[in-house]
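# Commentary on secondary and tertiary structure
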Amino acid sequence: MEQKVFRNYDPNLHTQEKAVEYTRALNAAKLEKIFARPFVGAMDGHIDAISCMAKNPNHLKSVFSGSMDGAVLNFLWKKNRKTVCQFPGHQGAVRGLTSSTNGEVLISCGTDCTFLLQLILLLFVFQPLAVYTWKHAFWGVDHQWDTSIFATAGAQVDIWDHNRSEPISTFQWGNDSVISVRFNPGEPNLLATSSSDRGIILYDLRTSSPFKKVIMQTKTNSICWNPMEPINFTVANEDCNCYTFDARKLDEAKVVHRDHVSAVMDVDYSPTGREFVTGSYDRTVRIFNHNGDHSREIYHTKRMQRVFSVRYSCDASYVISGSDDTNLRIWKSKASEQLGVILPREKKKHEYNDALKARFKHLPEIRRIVKHRHLPKPVYKAAIMRRTVTEADNRKEERRQAHSAPGSSSRKPFRKRRIIKEES
Amino acid sequence: MDVLNLESVKEFQVRERVRDVVFLQNDQLYAVAQKKYTYVYNRHGTEIHCLKENRQPLKLEFLEKHFLLVGTNNFSQLHYQDISTGQVVANYRTGLGPTSVMCSNPYNSVISLGHSGGKLTMWKPTSGKPLITMLCHQGPITALAYHPSGNLVATAGLDKKIKIWDLRKFEAIHSIQGHAQTLDFSQKGLLALANGSRVQVWRDKGGQDFGLYMTHGIAKGYQIGTAKFRPYEDVLGLGHSMGFSSILIPGSGEPNFDSWVANPYETSKQRSKKEVHALLDKLPPESIMLDPSSIGMVRERQRKEKPTKKDIEQQLETAVQEAKSNVVIKKKTKGRNKPSKIAKRKEEEVFNAKRPFLEKQRDPEGAPQEKKRKVLLEVAEDLPKSLQRFVKKKSV
């Protein structure tokens, strides 16, 4: 039988509430650590390193992955995390994978060993819908929102249509090859690419010529637009940092996301736009807040090698990473989140615990527990080394400032320092 | 004893003198201060524990949020024991004699003791010295009770006075003439005081102005030992020389209960769950402090106030005046009591009194070298940072 709950909020009946809540917050912080089991499972099936992934917009728990040996597989992590189907056709490594907004067409592109090129359109009948070969190797592909147009990156940026065997238009800025390409989710005609000359280029399909380019000190491996604030995009850079840019103002980064100790290989936004996941060459996956300069979470396992590709699941509750060790790994996006159906009372309890942690988050004891992450030894050592180097740099710069005439040398903020020039 | 139908739940003989009884975290367990040790019994009268650490206990108090059993003993010690782990948290000598007058402040769980010297001391388990010592009465304190808000404390002394103190000001806000064997505040702030066979109930008439509310006399010759209000009921229970009786005091109890604090319809499953939660939320002994709201606050920066020039001058003047008046002139034989010598001595005294002030005044920027260095430092501030160190070197 359900009992009615009578409440009386007289403070005389609830004495020492601050001490009680502090103790509860401490317990909640410890429980969060105990329940932090982010690893859900690994999916094997590939026989070579995984190079790219694509979400299936029609199926929440399914993901497409392409590997260096030319295999494209569809995984389902609902039941036994087994390969559902294979898409044959590639001879060389698959470098780009994307699916159309309606989820009916999967596009993969790749390089085979003789640098012949092919482009394969696949329908869900598990057969290539069309195979297109073009004169250069492809490095990336992305589909436009809601149309049949997609873009490929290679020696230049080509815009294709499902029904045509030749690109409908081609863009080029300089002679260097383009590494990655992403359409803007808000303005479908806007396109961001990164190229091997360390540049990030914005294209507009309506103008038929590129309109903005920024050159950074190091190469950008991947680009992702924020789906909720489509003016902003985040780039995964070779210099271990991620940079969030405002597309209207490319001369400085909005935020520099620092924590990785090796090149960042891929970045993908959560559908909520509040956070994004990055995979790095240092064998870790990190989750950042969209405006946080340091990561909220780090995931790693002993067996996970270099991470080449990461994706946030469509319900923002999972993160999938594909790595050099031929496995896809599924992680929870919130490490201590309870999976499955949550009873109302459980939900209330979780909310209460979160509120408690937020209330006392600045107190040293609770902050220490909440912030602590175990790092693999190489990452830990590398982070210390990088910190030493940065500190030495800062020290040197301070001295340089002190010994130069006032006003003669100005130091750029870090948001601008890695940007060489902006062209348009 | 089940108070609803006034039937005893269990009655058993311990064959020793029982000095005090308290319930522990729920009605299943209670601690009894017997002649030699404190014992813990369950509802059926089975002995669960014998707490041998506290010898010859006089009075017990249980802090339910901290799971601490506090006891005073015949050796004038205050003993804190954690009953969930059995650990002795603290054992302090009060140094003011054995006492059986003890009460805990519900607001902050600070323990107050009333002593035979008329002093009231407040204790926390993490300090060996009392937090506060108040001289409340001219004679021994006989009873002590806290208002549920924790701001007021009532004390009764053998000096024929009952006083109500405001702990925010540490001032007696009310003083009643008379003896009281026992004192108790109800949940709504009524104060019961009992002496001999008379009971009086006082009430806050607004603005901390206490006035007599009700009086009651039980059969003559009965001596009231303790008077306690029942929580959430308008009932005052009286323990006297011939047994137990209860009287109605309208408006004494809290009418609305909170299911998460005290649930009268509690099932045994809920009770055991509540016990587990209470153990999880057990507060550490360090959380007992005079101001419990200071937990989770930032400590204020402690800055020493520098005396102003005016203050120093005033101090100097008073010191000089004192020195002048303190000069003792001996009456000496004729010819040795010269006025010039007397004046010289006076001058000397005044100079001695002035000296520390003068030295202090001179010190900060007194020495010429120091002054020079300061000037140089000021010069250096105008220069670029790289050149500053050369200026410093020159000065040394």
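Residues numbered from 1 in each chain as written. Chains lettered and ligands numbered in written order. Predicted model: local features only at pLDDT ≥ 70, side-chain atom pairs only at ≥ 80, totals over all residues. Heavy atoms only, no water.

### Focus: the overall build of chain A
Helices and strands together make up the secondary structure of chain A, namely five helices and 29 strands. Taking 424 residues into account, the globule formula puts the C-alpha radius of gyration at 22 Å, and chain A, at 24 Å, falls close to it. Expressed as lengths along the three principal axes of its C-alpha atoms, the size of chain A is roughly 80 × 75 × 40 Å. Buried residues in chain A amount to 50% of all 424 residues. Once local pairs closer than 6 in sequence are excluded, the contacts in chain A between residues at least 24 apart make up 48%. When the accessible surface of chain A is split by element, carbon and sulfur atoms take 52% of a total near 20700 Å². For chain A, the separation between the mean place of its 63 positive charges and that of its 46 negative charges on side chains is 7 Å. (Helix = DSSP H or I, 4+ residues; strand = E, 2+ residues; numbered from the N terminus. Rg over C-alpha atoms; globule rule 2.2 N^0.38 Å. Buried < 20%, exposed > 50% of the residue type's maximum accessible area, 1.4 Å probe, protein only. Contact = heavy atoms within 4.5 Å. Areas by Shrake-Rupley, 256 points an atom, 1.4 Å probe, with all protein chains shown as cover. Lys, Arg positive; Asp, Glu negative; His and termini not counted. Charge placed at Lys NZ, Arg CZ, Asp CG, Glu CD.)

### Details of the UniProt feature "repeat: WD" (unreviewed entry) in chain A
All names here are of chain A. As recorded in UniProt, the sites labelled "repeat: WD" (unreviewed entry) are residues 257-289 and 300-341. Secondary structure within residues 257-289 divides into 0% helix and 58% strand; the distance between the first and last C-alpha atoms comes to 9 Å. Helix makes up 0% of residues 300-341 and strand makes up 40%, while its end C-alpha atoms are separated by 27 Å. (UniProt positions renumbered as here; feature names shortened; annotations may be inferred.)

### Focus on a positive patch on the surface
A cluster of like positive charges, contributed by Lys330, Lys332, Arg336, Lys338, Lys341, Lys344 and Arg345 of chain B, occupies part of the molecular surface. Its place among the elements puts Lys332 of chain B in the loop between helix 2 (309-326) and helix 3 (339-366). (Patch = residues over 30% accessible without salt bridge, like charges linked within 9 Å, V, L, I, M, F, W, Y side chains within 5 Å. Salt bridge = Lys/Arg side-chain N within 4 Å of Asp/Glu carboxyl O.)

### Remarks on the environment of Asp82 of chain B
Residues and elements named next belong to chain B. By the element assignment, Asp82 lies in strand 7 (residues 77-82). The class of Asp82 is buried, set by a relative accessible area of 7%. Note: C-alpha distance between Asp82 and Val70 (12 residues apart in sequence) is 8.8 Å. Setting aside anything within four residues of it in sequence, one finds Asp82 in contact with His66, Phe67, Leu68, Gln87, Val89 and Lys282. A polar contact is formed between the side chain of Asp82 and the side chain of Ser84, at a distance of 2.7 Å. (Polar contact = N/O pair within 3.5 Å; in protein donor to acceptor, adjacent residues only side chain to side chain.)

### Some thoughts on a nonpolar patch on the surface
A cluster of nonpolar side chains, namely Leu31, Ile34 and Phe35 of chain A, defines an oily patch on the protein surface of about 300 Å² accessible area. Here Phe35 of chain A is to be found in the loop between helix 1 (17-34) and strand 1 (39-43).

### What about the nonpolar core?
All names here are of chain B. Grouped together as the largest cluster of nonpolar side chains are 26 residues, with contacts concentrated most on Leu78, Tyr80, Ile111, Met122 and Met134. Of all the secondary structure elements, the ones that give two or more residues to this core are strand 6 (68-73), strand 7, strand 8 (88-93), strand 9 (101-104), strand 10 (111-114), strand 11 (119-123), strand 12 (132-135) and strand 13 (141-146). Those residues in contact with Met134, other than ones at most four positions away along the chain, are Gly118, Lys119, Leu120, Met122, Trp165, Leu167 and Phe170. (Core = buried A, V, L, I, M, F, W, Y, C linked by side-chain atoms within 4.5 Å.)

### Quick look at the environment of Lys360 of chain B
Residue and element names in this part refer to chain B. Its location among the elements puts Lys360 in helix 3. Given the relative accessible area of 62%, Lys360 is considered exposed. Sequence spacing of Lys360 and Ile312 is 48 residues, and the spatial spacing of their C-alpha atoms is 9.9 Å.

### As for empty space enclosed by the protein
Residues and elements named next belong to chain B. The tally for this structure, following the rule as stated, stands at four cavities of 30 Å³ or more. Roughly 50 Å³ of volume is contained in the largest cavity. Lining the largest cavity are Thr38, Leu51, Asn54, Leu60, Leu69, Val70, Gly71, His79 and Gln81. Looking at the lining of the largest cavity, the elements that each hand over two or more residues are strand 6 and strand 7. In terms of residue count, strand 6 provides more of the lining of the largest cavity than any other element does, three residues in total. Of the residues that constitute the lining of the largest cavity, the class distribution is four nonpolar, five polar and no charged. (1 Å grid on protein atoms, 1.4 Å probe; cavity = no way out; pocket = protein on both sides within 12 Å on 5 of 7 lines; lining within 4 Å. Points joined across faces, edges and corners; volume = space filled by probe spheres on them. Nonpolar A, V, L, I, M, F, W, Y, C, P; charged D, E, K, R; others polar.)

### Topic: the packing of helix 1 of chain A against helix 2 (residues 344-359) of chain A
All names here are of chain A. Here helix 1 crosses helix 2 at 110 degrees, and the two axes come no closer than 8 Å. When the axes of helix 1 and helix 2 are compared, the pair comes out roughly perpendicular. Residues Glu17, Lys18, Glu21, Arg24, Ala25, Ala28, Ala29 and Glu32 of helix 1 pack against Tyr352, Asn353, Leu356, Lys357 and Arg359 of helix 2. (Axes fitted to C-alpha atoms, helices over the stretch in contact; angles between N-to-C directions. Parallel < 35°, antiparallel > 145°, perpendicular 65-115°, else oblique.)

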